[in-house]
Every structure is written in structure tokens, then in C-alpha cells.
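Here are the chains, one letter per residue:
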Amino acid sequence: MTNAYRWVAWNRHKKIYDAALASLIALYLAAYIAITLLAAGPGARPDILLPTALIRALGSAAILLLHLILAIGPLHRLTPRVAPLLYNRRHLGVTMFLLALAHAAAATIYYGAFGPSPNPLFQVLFVGRDFASLHAFPYEFLGFVALAWLFLMAATSHDFWLHTLSPSLWKALHMGVYVAYALLVGHVALGAMADDPSRLTPALLGLGALALGVLHITAAVREVASDSAAPAPSSTPSPSTPAPDNDDPAAHPHWIRAADIADIPEARAKVVPIRCRERVAIFRHQGALHAVTNVCAHQAGPLGEGAIIDGCITCPWHGYQFRPHDGASPPPYTEKIATYNLRLQGRDVMLDTRPNPPGTPTPPLVIPADLDDSGPLFDPPQHLGPSATRPSPAENTP
Amino acid sequence: MTRAHRRAHAALAALVFPAVLVGLALAAASLRPTDHVGAEHLEPEPPAQPDHAQPDHTQPPPPGAPSP
């Protein structure tokens with residue numbers, strides 16, 4: 001998105017977000033260690049010492065954070081109120097990786113450095129273990145494979161890699177978080193079952209998987225229902241076809257009725273699903289309507305759930321911005337998104353479902369004064385306020 | 001998100017979370033706490049031997065035994 005990269009483009013929201021995250025993690029670690037040592041008591045569990053408690057505290061913090069990270073995506077599809085959490089989700093992911101790395105390093109040193117093998121990692125993974133047996137399976141191996149994947153994700157989390165790898169490859173790589181999650185659940189469950197006869201940890205992991213599964217499937221069902229109910233254009237001729245000038249739908253089958261004017265509030269959008277195609281976001285801005293693709297050029301965020309801030313369509317995920325009339329980012333940025341043609345038929349907003357090439361200037365659909373009944377003025381979300389939307393030209397937002 | 005992303009998310013969710021639940025249930029059913037390597041401390045302690053130095057006053061004395 002920029003002509004230069006920085007490690008982190010700090011703004012007020014990110015500082016508050018990260019400070020709160022660090023404080024909560026420190027509190028959790030302290031509480032976990034204190035409770036574990038108190039519950040172990042003097043002599044009751046001689047194997048529970050401060051290093052053991054610290055290793056478990058780091059590991060449990062990482063797996064809890066991973067559950068939160070996985071919940072944010074579907075929650076945001078169910079309610080936009082989660083947007084402030086999603087805005088900085090990459091910092092959550094990197095923090096989770098660092099916690100897992102600290103857990104792995106401490107466990108390898110503590111459990112592997114004093115065995116017969118001179119290599120602590122070899123000692124932990126292979127000595128006395130049997131990959132063919134569930135009873136002697138080295139559950140640490142699952143953790144290390146997951147950690148390697150988390151490292152790949154953390155190392156490529158910066159926008160530099162997003163642009164270098166291409167958004168589709170980057171997204172595919174980062175969807176591997178689900179594989180890492182499954183491996184980590186196996187790691188934690190087998191490790192806990194080796195030590196805790198109560199089965200409390202596997203039960204909690206099962207509840208977590210159930211909650212995440214229900215969230216994901218609920219969000220997916222809602223998305224599929226929305227797509228299925230969408231009108232389908234009957235043909236896809238060249239986008240260069242001019243907008244029709246008569247009101248007969250049969251004469252222009254790729255045009256659909258997208259909305260009533262009153263459906264679109266000022267500075268916000270109505271998202272229009274189109275069967276078998278990407279969704280379109282129709283924004284209202286200063287007495288005119290503009291249609292662009294709903295897919296942000298940055299990380300495919302849902303532009304239609306964003307708003308117009310400082311005259312630009314602003315993605316709710318990371319604050320990337322695009323001009324409503326041509327879908328281009330304001331200079332010096334170079335990203336572009338597809339635009340669409342609109343026309344008015346009574347109060348109905350008609351949409352040409354064929355996208356224009358990204359960055360194509362499209363005439364705004366001016367709303368006649370007698371139909372302009374826009375609601376109250378828009379108040380932008382706090383996390384997308386002026387200090388958080390678009391960084392200065394030399395900044396970027398990992 | 002693009003349509004492809006939405007489909008991939010739905011497919012992954014439908015695959016991963018049920019698989020995790022089934023895997024957890026199978027592992028919990030297959031593994032007893034004492035089965036696993038590293039669970040030696042969970043082995044039950046052998047029962048304490050009765051202290052023969054002290055007479056057992058809960059049992060009646062055998063016939064002909066001297067009075068305490």
C-alpha cells in the first residue's frame with residue numbers, strides 16, 4: 001500500500017491495544033503461576049516447581065490467545081462490534097507465537113538439557129518415545145510442527161510479505177493457522193493426559209473446539225445464505241457495454257435491482273451480494289452514490305462494512321482507503337479496486353454487475369433532491385478515526 | 001472476503017473442528033492416565049504393611065492367648 005515500509009506504524013489505537021494485551025498476559029502468567037504453586041502445595045506435587053509452572057503458564061496463555069484469534073474472524077462476520085479487535089489481529093498473532101516460542105524454549109531446556117542425549121531437542125522428541133504408539137507418542141513433536149508454522153506466519157505477517165507473496169498466496173499461508181490449531185490441541189491434550197488424570201484440560205479444549213466450530217459454522221451459514229439469496233445476472237457480456245437507457249430489465253440482463261435509496265445511509269454502504277460473483281458495496285457520499293467491489297485490495301476486507309472517512313472509502317479491517325469515484329487509493333498509494341456502474345429507476349438503485357477494471361473513473365449517481373432523505377450524520381468508529389485510518393505516506397501497518 | 005475465502009473458511013471449519021473433537025474423544029478413551037510415558041508418579045502406592053509390632057485390638061484374640 002505504500003512506497004516504503006516500517007516495522008510498525010504505531011497510532012494511538014495500536015498503542016492502547018498492545019498495552020492492554022501485554023498487561024493482560026502479564027496478569028494471566030502471574031496468576032497462573034501463583035495458583036499452580038499454591039495448589040501443588042509443599043510436598044503434595046514435588047514435580048511442580050516454578051519452572052514447571054512457568055512453562056505451563058506460557059503454553060496455556062498461547063493456546064488461549066489462539067482461541068481468541070480464531071474467534072475474532074467469525075465474530076466479526078456476525079457483529080461489526082468486534083472490528084476494533086480485528087483491526088490489530090496481527091499483533092495478537094505475533095504475540096501468540098512469541099508465547100509459544102518461550103514455552104517451547106523453556107520446556108526444551110528444562111526437560112531436555114539434563115538427559116543422556118547431548119542435544120536437548122533430540123532428548124525431548126526422540127529418547128524413549130515411539131511414533132507408532134499413542135501411549136508413547138512424542139506430543140512435543142506436534143507442538144514443534146505447529147510452532148514452525150506459526151513462525152512462518154509471524155515472519156510473513158508484515159505488509160511487505162503480503163505484497164511480495166501476493167494476497168492470495170499470503171492468505172492461503174495464513175489459513176494454515178487452522179492446521180497449527182489442530183496440531184496444538186493434540187500437543188496440549190496428549191501432554192495433559194500424560195499428567196492429569198482428571199481430564200480437565202482435554203474437556204476444556206473440547207469446549208473450545210465446540211465453541212469455535214459453532215461460531216465458524218454459524219458465520220459460514222449466514223454468508224452462504226446471503227450469497228444464495230442474491231440475484232443472479234443472466235449473462236456476462238463485455239463491461240464496455242454502455243448503461244441502458246430504458247427501464248426494461250429484459251433488455252439489459254446484467255443489471256439488477258440493488259437497493260432502495262433509503263437503504264443506504266450517508267457515508268455508509270449497502271453490500272449487495274451477486275450470485276457466483278464478488279459482492280458489491282454501494283456507498284452514499286454527499287448526495288451521490290458510488291459502487292465498488294466489496295473486497296479490499298489489502299487483505300480482502302469487507303469494504304462495505306467500512307465507511308467514508310475524509311472523503312475516502314475506508315476498510316474496517318486496517319483502514320486502507322479508496323476514492324469512491326474511481327476506486328484508486330489517494331496518492332502516493334497505488335492500490336486500486338474495481339468500480340461498478342449505477343443508474344436510478346424511480347427509487348430503485350440499479351447495478352451493472354459487470355465490474356469495471358480497477359481504478360476506472362465512474363460517474364457518481366447523483367440523487368435527485370426530492371429523493372435525498374439521508375439520515376443523521378455519520379460518526380466514524382473510534383479505531384478508524386483520523387489518527388488510525390491512513391498512515392502518513394511512508395508508513396505501513398503490519 | 002472474496003467468495004473463495006468464504007468457501008475456504010467454511011470448508012476448513014467443517015473439517016478441522018469436528019476432527020479436533022473426534023480426536024480428543026478418541027484420545028481420551030484410548031489413554032488411561034497411567035498408560036502414558038511420564039505418568040509414573042500416578043502409579044498407586046503399594047498398600048501399607050500392617051505393623052506387626054502392635055497387636056490388632058480390633059480382632060478377637062485367638063483361643064489360649066495371654067491376656068494383655
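Residues numbered from 1 in each chain as written. Chains lettered and ligands numbered in written order. Predicted model: local features only at pLDDT ≥ 70, side-chain atom pairs only at ≥ 80, totals over all residues. Heavy atoms only, no water.

1. Considering the overall build of chain B
Helix and strand content of chain B: one helix and zero strands. Relative to its full complement of 68 residues, chain B shows a buried share of 25%. Just so you have it, chain B exposes about 5000 Å², and 64% of that area is on carbon and sulfur atoms. (Helix = DSSP H or I, 4+ residues; strand = E, 2+ residues; numbered from the N terminus. Buried < 20%, exposed > 50% of the residue type's maximum accessible area, 1.4 Å probe, protein only. Areas by Shrake-Rupley, 256 points an atom, 1.4 Å probe, with all protein chains shown as cover.)

2. Some words on the overall build of chain A
Along the backbone of chain A there are ten helices and eleven strands. The buried share of chain A, taken over its 398 residues, is 52%. Considering only contacts within chain A whose residues lie at least 6 apart along the sequence, 61% involve residues at least 24 apart. When the accessible surface of chain A is split by element, carbon and sulfur atoms take 68% of a total near 17800 Å². (Contact = heavy atoms within 4.5 Å.)

3. Overview of the sheet that holds strand β1 (residues 255-260) of chain A
Two modes of strand pairing occur in sheets, parallel and antiparallel, and in both the strands are linked by backbone hydrogen bonds. All names here are of chain A. Taken in spatial order, the three strands line up as β1-β10-β9 in an open sheet, and their pairing is antiparallel. Each end of this open sheet is capped by a strand with a single partner; those strands are β1 and β9 (342-345). Pairs of neighbouring strands in the sheet enclose a mean axial angle of 35 degrees, with direction left out of account. When β1 meets strand β10 (residues 348-352), the two strands line up antiparallel, connected through five bridges. (Pairing = 2+ DSSP bridges. Axes fitted to C-alpha atoms, helices over the stretch in contact; angles between N-to-C directions.)

4. Re a nonpolar patch on the surface
Residues and elements named next belong to chain A. Residues F122, F126, V127, F131, F141 and V145 make up a contiguous nonpolar surface patch of about 470 Å² in total accessible area. Residue assignment for the nonpolar patch shows that the elements contributing at least two residues are α5 (120-126) and α6 (139-155). Take F131: it is sitting in the loop between α5 and α6. A relative accessible area of 36% places F131 in the partly exposed class. (Patch = residues over 30% accessible without salt bridge, like charges linked within 9 Å, V, L, I, M, F, W, Y side chains within 5 Å. Salt bridge = Lys/Arg side-chain N within 4 Å of Asp/Glu carboxyl O.)

5. A closer look at the nonpolar core
Nonpolar side chains tend toward joint burial in soluble globular proteins. Counting residues in hydrophobic clusters, the biggest one holds 70 residues, and the most contacted among them are L65, M96, Y181 and L190 of chain A. Among the secondary structure elements, those contributing two or more residues to this core are α1 (12-40), α2 (50-78), α4 (89-112), α6, α9 (177-195), α10 (200-228) and β3 (280-285) of chain A together with α1 (3-30) of chain B. Residue contributions to this core peak at twelve residues, all from α2 of chain A. Apart from residues lying up to four places away in sequence, L65 of chain A is in contact with L21, I25, L92, T95, M96 and L99 of chain A. If you look at the next biggest cluster of nonpolar residues, it comprises 18 residues, including A258, A259, Y340 and L371 of chain A. (Core = buried A, V, L, I, M, F, W, Y, C linked by side-chain atoms within 4.5 Å.)

6. A short note on the interface of chain A and chain B
Facing 43 residues of chain A, the contacting portion of chain B comprises 28 residues. Between chain A and chain B, a total of about 3100 Å² is buried, with carbon and sulfur atoms accounting for 71% of that surface. Contact with chain B buries area across many residues of chain A, yet H135, M175 and Y178 of chain A alone supply 19% of it, more than any other trio. Where chain A meets chain B, there are one salt bridge. Measuring nitrogen to oxygen at the nearest pair gives 3.9 Å for the salt bridge that ties E223 of chain A to R6 of chain B. (Buried area = accessible area lost by both parts, 1.4 Å probe.)

7. Focus on the sheet that holds strand β6 (residues 312-314) of chain A
Residue and element names in this part refer to chain A. A sheet is described by the order of its strands in space; here three strands give the open sequence β5-β6-β7, paired in antiparallel fashion. Single-partner strands in this sheet number two, and they are β5 (307-309) and β7 (321-322). The pairing of β5 with β6 spans three bridges and is classified as antiparallel. Counterpart to I308 in the pairing with β6 is I313.

8. A look at the pattern of salt bridges
Scanning all chains against the criterion turns up eight salt bridges over all chains. Note that E140 of chain A is salt-bridged to R129 of chain A, the shortest N-O span being 2.9 Å. Separated by eleven residues along the polypeptide, E140 of chain A in helix α6 and R129 of chain A in the loop between α5 and α6 bring together distant segments of the chain. In this structure R129 of chain A comes out as partly exposed when scored by relative accessible area, which is 22%. A salt bridge links E223 of chain A to R279 of chain A; the shortest N-O distance between them is 2.7 Å. Of this pair, E223 of chain A sits in helix α10 while R279 of chain A sits in the loop between β2 (269-272) and β3, and the two are 56 residues apart along the sequence. Classification of R279 of chain A as buried rests on a relative accessible area of 9%. In the salt-bridge network here, residues are joined through shared partners; they are E223 and R279 of chain A together with R6 of chain B.

9. Digging into the side chain of T339 of chain A
Residue and element names in this part refer to chain A. On the secondary structure map, T339 appears in strand β8 (residues 339-340). A distance of 2.8 Å separates polar atoms of two side chains, one belonging to T339 and the other to T362. Residues within four places of T339 in sequence aside, it is in contact with A291, V292, H325, D326, G327, P355, N356, T360 and T362. (Polar contact = N/O pair within 3.5 Å; in protein donor to acceptor, adjacent residues only side chain to side chain.)

10. Here we look at the packing of α2 of chain A against α4 of chain A
All names here are of chain A. Contact geometry of α2 with α4 gives a least axis separation of 8 Å together with a crossing angle of 155 degrees. Of the possible angle classes, the one that applies to α2 and α4 is roughly antiparallel. Here α2 and α4 pass one another in a crossing that is left-handed. (Parallel < 35°, antiparallel > 145°, perpendicular 65-115°, else oblique. Left-handed = near helix turned anticlockwise from the far one by under 90°.)

11. A short note on the packing of α10 of chain A against α1 of chain B
How two helices pack is summed up by the angle between their axes together with the distance between the axes. As a packed pair, α10 of chain A and α1 of chain B sit with axes 9 Å apart at the nearest point and diverge in direction by 155 degrees. Classified by the interaxial angle, the pair formed by α10 of chain A and α1 of chain B is roughly antiparallel. As α10 of chain A packs across α1 of chain B, the resulting crossing turns out to be left-handed. Across the interface between the two elements, P202, L205, G206, A209, L210, L212, G213, H216, A220, E223 and D227 of chain A of α10 of chain A pack against R6, A10, A13, F17, V20, L21 and L24 of chain B of α1 of chain B. Residue classes in the contact of α10 of chain A with α1 of chain B are distributed as twelve nonpolar, three polar and three charged. (Nonpolar A, V, L, I, M, F, W, Y, C, P; charged D, E, K, R; others polar.)

Keep in mind these values describe shape, not function.
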